[in-house]
Every structure is written in C-alpha cells, then in structure tokens.
Amino acid sequence: MLRIVFVCLGNICRSPTAEAVFRHKASKAGLHLHIDSAGTAGYHVGAKPDKRSMAVAREQGYDFNGISCRKVSDADFVECDLILAMDNANLDSLRKRCPEEHQQKVQLMMSYADTEFSEVPDPYYGGQKGFSLVLDLIEQASDGLVTHCQALTKLNKVKV
Ligand code: 4NP
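Residues numbered from 1 in each chain as written. Predicted model: local features only at pLDDT ≥ 70, side-chain atom pairs only at ≥ 80, totals over all residues. Heavy atoms only, no water.

## Here we look at the overall build of the protein
Then comes step 1: Along its length, the protein carries five helices and four strands.
Then comes step 2: Relative to its length of 160 residues, the protein is compact, with a C-alpha radius of gyration of 14 Å against a globular reference of 15 Å.
Then comes step 3: In terms of overall dimensions, the protein has a C-alpha envelope of 40 × 35 × 30 Å along the principal axes.
Then comes step 4: Sequence-distant contacts in the protein: of pairs separated by 6 or more residues, those separated by 24 or more amount to 72%.
Then comes step 5: Just so you have it, the protein exposes about 8,100 Å², and 50% of that area is on carbon and sulfur atoms.
Then comes step 6: If you average the places of the 19 positive and of the 20 negative side-chain charges in the protein, the two averages end up 4 Å apart. (Helix = DSSP H or I, 4+ residues; strand = E, 2+ residues; numbered from the N terminus. Rg over C-alpha atoms; globule rule 2.2 N^0.38 Å. Contact = heavy atoms within 4.5 Å. Areas by Shrake-Rupley, 256 points an atom, 1.4 Å probe, with all protein chains shown as cover. Lys, Arg positive; Asp, Glu negative; His and termini not counted. Charge placed at Lys NZ, Arg CZ, Asp CG, Glu CD.)

Below you can see the structure in the form of structure tokens.
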C-alpha cells in the first residue's frame, strides 16, 4: 500500500489539515492508501490539531478523528513512499535528515497543485484568513495528488 506522510513544523495546523483533506479525497476516489502526518519540531507532541484549523476544515466536512501530533521519525524516510513538506524550511530540514537513497520521496506538497503558491504558508501566528488560505491550498494540492496516485495505480507501480 502506498504510504504518504504530510509534514509541517508543528504538526498541529497544516499537516493535520492535509491528512484530513487528503484522506477524504482519496477515499472518495476509491484509493486505499496509508495517510499520516508529522512535524519537524516537537513542541506539541501528543496534542490534537489546532482548533482554528479544525474549525475551517470541519465547515467543509473534513474529519480530524484520531489525528494527534507526532515528530518525523527516521523510520518515515524508509517506510513512506512520499514525504510531502508544506514549505521550503521543512523541505530543507527533511532533506538534511533523509538518507541519500530516499531523497526523491521528499517533495513540496504544492508541487501537486497548479497555482502561483509553491508553499503552504504557516498560519500559526496569524488570523482566520491564513487558516482559510491553508485549507484552500491543501484542497488544490490534494486534488492533484489524488490524480497522481490514480496514475501510479493504473501504471501498477504500486499496490493499492
Ligand atoms: P504548523 O503550524 O507547522 O502548520 O503546525 C505551527 C504550529 C505551531 C508552531 C508553529 C507553526 N509553534 O511555533 O508552536
């Protein structure tokens, strides 16, 4: 089964939103994937996602059940097929930790969307608008990622 992990700094705003949104969209598309999220920092390990992130996403029907904060582990680089960073700072820290043979797994989430945004901006210290933008960007990238996973499945490159 294809394994995807979404990564941001705190694993309480952007990457749990990506986990919830992509899980919803992948399931609707009939894809059976292992979907997870993690943070490059450990400030909030064990915490539930940020209430502001959950509020905007729940309005659109996304579900955060079972999601709690964890740090990226060394095993993620080996076990996951795609490690998708929300921004360049997290991409850099993942690339520094990732063994050479797994470097191609580490990519920007927004590389799957066709928009002028190349990163999902950190909403933590901002207002409501930032959380809505995060959701919008993650929905766009998740649509592109679903298409990518469907193509992989058709090519039979991975067992889903
Ligand atoms: P995230 O947002 O990386 O999208 O989860 C943040 C969450 C917490 C902090 C920074 C960003 N923090 O500094 O605690």
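So that's the structure; there's more coming.
## Brief notes about the site of the ligand
Then comes step 1: Taken together, Cys8, Leu9, Gly10, Asn11, Ile12, Cys13, Arg14, Tyr43, His44, Asp122, Tyr124 and Tyr125 make up the full set of residues adjacent to the ligand.
Then comes step 2: A distance of 3.0 Å is found between an oxygen atom of the ligand and a backbone nitrogen or oxygen belonging to Ile12.
Then comes step 3: Within the contact set of the ligand, an oxygen atom lies 2.9 Å away from a backbone nitrogen or oxygen of Cys13.
Then comes step 4: Within the complex, 93% of the 360 Å² of free accessible area of the ligand lies under protein. (Near = heavy atom within 4 Å. Polar contact = N/O pair within 3.5 Å; in protein donor to acceptor, adjacent residues only side chain to side chain.)

## Details of the pairing of strand β1 (residues 3-8)
Then comes step 1: Of all the six residues making up β1, five are buried; the element is thus mostly covered by neighbouring parts of the structure.
Then comes step 2: Pairing analysis gives six bridges linking β1 to strand β2 (residues 34-39), with the strands arranged parallel. Each bridged residue has a counterpart across the sheet, and for Arg3 the counterpart in β2 is His34.
Then comes step 3: Each parallel crossover has a hand, and for β1 linked through helix α1 (residues 14-28) to β2 it is right-handed.
Then comes step 4: Judged from the four bridges that link them, β1 and strand β3 (residues 82-85) form a sheet pairing that is parallel. Residue pairing across strands places Phe6 opposite Leu84, the latter belonging to β3. (Buried < 20%, exposed > 50% of the residue type's maximum accessible area, 1.4 Å probe, protein only. Pairing = 2+ DSSP bridges. Right-handed = clockwise from strand over helix to strand, strands pointing away.)

## Regarding the pairing of β3
Then comes step 1: Both faces of β3 are covered, namely the face carrying Leu82 and Leu84 and the face carrying Ile83 and Ala85.
Then comes step 2: In this sheet, strand β4 (residues 106-108) lies alongside β3 in parallel orientation, the contact comprising three bridges. Opposite Ala85, over in β4, you have Leu108 as the bridge partner.
Then comes step 3: Once the chain exits β3 it traverses helix α4 (residues 88-97) before rejoining the sheet at β4, and the crossover so formed is right-handed.

Any link to function would need more than the numbers given here.
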